[in-house]
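# Chain and residue survey
Chain residues, written in single-letter form:
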Amino acid sequence: MQRVFSGIQPSGIPTLGNYLGAIRNWIKLQDDHDCIWCVVDLHAITVWQDPAALRQQSLEMAAVLLACGVDPAKHILFLQSGVRAHAQLAWIFNCVARLGWLNRMTQFKDKAGKDRENASSGLYVYPNLMAADIHAYHATRVPVGDDQRQHLELANDIAQKFNHDYGVEFFPNIEPVILGPAARVMSLRDGTKKMSKSDPSDQSRINLNDDADTIALKIRRAKTDPMPLPSEVDGLADRPEARNLVGIYAALTDTDHASVLKEHGGQGFGPFKNALTDLLVEKLAPITAETSRLLSDQGALIDLLRSGAERAAAIADPIVSEAERLVGFVGLRRG
Ligand code: AQP
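Residues numbered from 1 in each chain as written. Predicted model: local features only at pLDDT ≥ 70, side-chain atom pairs only at ≥ 80, totals over all residues. Heavy atoms only, no water.

## Things to note about the overall build of the protein
When its secondary structure is counted, the protein shows 13 helices and 5 strands. A compact globule built from 335 residues would reach a C-alpha radius of gyration of about 20 Å, and the protein, at 21 Å, matches this within 12%. Considering only C-alpha atoms, the protein reaches an extent of 70 × 45 × 40 Å along its principal axes. Of all 335 residues assigned to the protein, the portion counted as buried reaches 48%. The contacts in the protein between residues at least 6 apart in sequence include a share of 76% that link residues at least 24 apart. (Helix = DSSP H or I, 4+ residues; strand = E, 2+ residues; numbered from the N terminus. Rg over C-alpha atoms; globule rule 2.2 N^0.38 Å. Buried < 20%, exposed > 50% of the residue type's maximum accessible area, 1.4 Å probe, protein only. Contact = heavy atoms within 4.5 Å.)

Written out as structure tokens, the structure reads:
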């Protein structure tokens, strides 16, 4: 079975975007892959995180993943900082990747914005850590959204250069896994911007722990335009907010924009927003309830994550030790 690795940052409460674009696809992959799911707290601190909030968000993210159906017995779920191999291999990759490669990464440009001089050096080398996350397990398949494709190409460039420099065939090529039509969920306040857990406006997103009243309020306030919904998909062109709400409805019902418009085309946004709210509450309420149950026993949750970290380290440590040997380190650690 091929090994899959994927990570999610505990940089806030997971959103509907994380769920439809990533988490729900992870669950489908568990049937026929050997999966390693990681809450990537090392990545999260590339931008400032309040320590108490980071701790809570890391546990909350793990609980949400379990509530969504991640299976910690058949697969592995853990927190990235619990396995030292990630940071160890990332340092080697910092010395393999070229500055010119990193300079081309569009996510750094987007996240650092205009204040580049003030961005952390961690944010700049983030793609090297992502490459280490995957290569530490010799994982060959990584589910990614379109936004992460460039980072995967870089991870392959790093592997090739490492193999070439040290005259080995040690790190395998990684293939992106694209599952169905990529669900890209946009902000409820601006249909041209990605829904993001770290957006300053809570009204821009549905959090996976929002209760029914909060969901109803956010959908009611979601930006729309004055026209009714069109009957054909072409009618959604240049209407990013309408397209986004229809897209969310389609993703939640496992259909497409055309089928949603067949049912709701011609309606005003009022009735459509009510139908969307009912659907969101129906799909998200069980996840919210199970997340709260898991968080009510943090000791048990931490034990589960510790066991995941031990199983992850048992795979990654020998791979990273071999990479260190290839580089020429004497290797003083025992075991
Ligand atoms: N709006 C989205 N629509 C579809 N997929 C999305 N993902 C994130 N937002 C959307 C997918 O979720 C996975 C995990 O993402 P991440 O937490 O590692 O980082 P991110 O992509 O930067 O997500 P956020 O929510 O925007 O986090 P912040 O605000 O901290 O930067 C990825 O597979 C991503 O494609």
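From this point, things continue past the structure.
## Some remarks on helix α11 (residues 257-264)
Within α11, burial applies to Val260, Leu261 and His264. Along the long axis of α11, the arc covered by the buried residues comes to 95 degrees, so they all point the same way. When the buried face of α11 is taken as reference, the exposed residues oriented beyond 90 degrees from it are Lys262 and Glu263. Here the buried face of α11 lies against α10 (240-252) and α12 (269-295). Gly266, located one to two residues past α11, shows a positive phi value of around 90 degrees. (Arc of directions from axis to C-beta.)

## Re the packing of aromatic side chains
Counted under the stated rule, the structure contains 9 aromatic pairs. Between Phe162 and Phe171, the ring centres sit 4.9 Å apart and the planes meet at 70 degrees, which makes this aromatic pair edge-to-face. Among the residues examined, Phe162 registers a relative accessible area of 0% and is labelled buried. Measuring from centroid to centroid gives 5.4 Å for Tyr249 and Phe272, while their planes differ by 35 degrees, and the two rings are tilted. Separated by 23 residues along the polypeptide, Tyr249 in helix α10 and Phe272 in helix α12 bring together distant segments of the chain. On the basis of relative accessibility, which here comes to 0%, the residue Phe272 falls in the buried class. Members of the aromatic cluster, joined through ring pairs, are Phe93, Phe162, Tyr166, Phe170 and Phe171. (Phe/Tyr/Trp six-rings, centres within 6.5 Å; stacked < 30°, edge-to-face > 60°.)

## Observations concerning the domain arrangement of the protein
Domains assigned within the protein are domain 1 (3-182 + 297-327) and domain 2 (209-293). Each partner contributes residues to the interface: domain 1 has 11 residues there, and domain 2 has 11 residues. Carbon and sulfur atoms supply 69% of the area that domain 1 and domain 2 bury against each other, a total of about 890 Å² over both sides. Our count for the contact surface shared by domain 1 and domain 2 stands at 1 salt bridge. Applying the counting rule to domain 1 against domain 2 returns 2 residue pairs in polar contact (both at pLDDT 80 or more). (Domains from an automatic or database assignment. Buried area = accessible area lost by both parts, 1.4 Å probe. Salt bridge = Lys/Arg side-chain N within 4 Å of Asp/Glu carboxyl O. Polar contact = N/O pair within 3.5 Å; in protein donor to acceptor, adjacent residues only side chain to side chain.)

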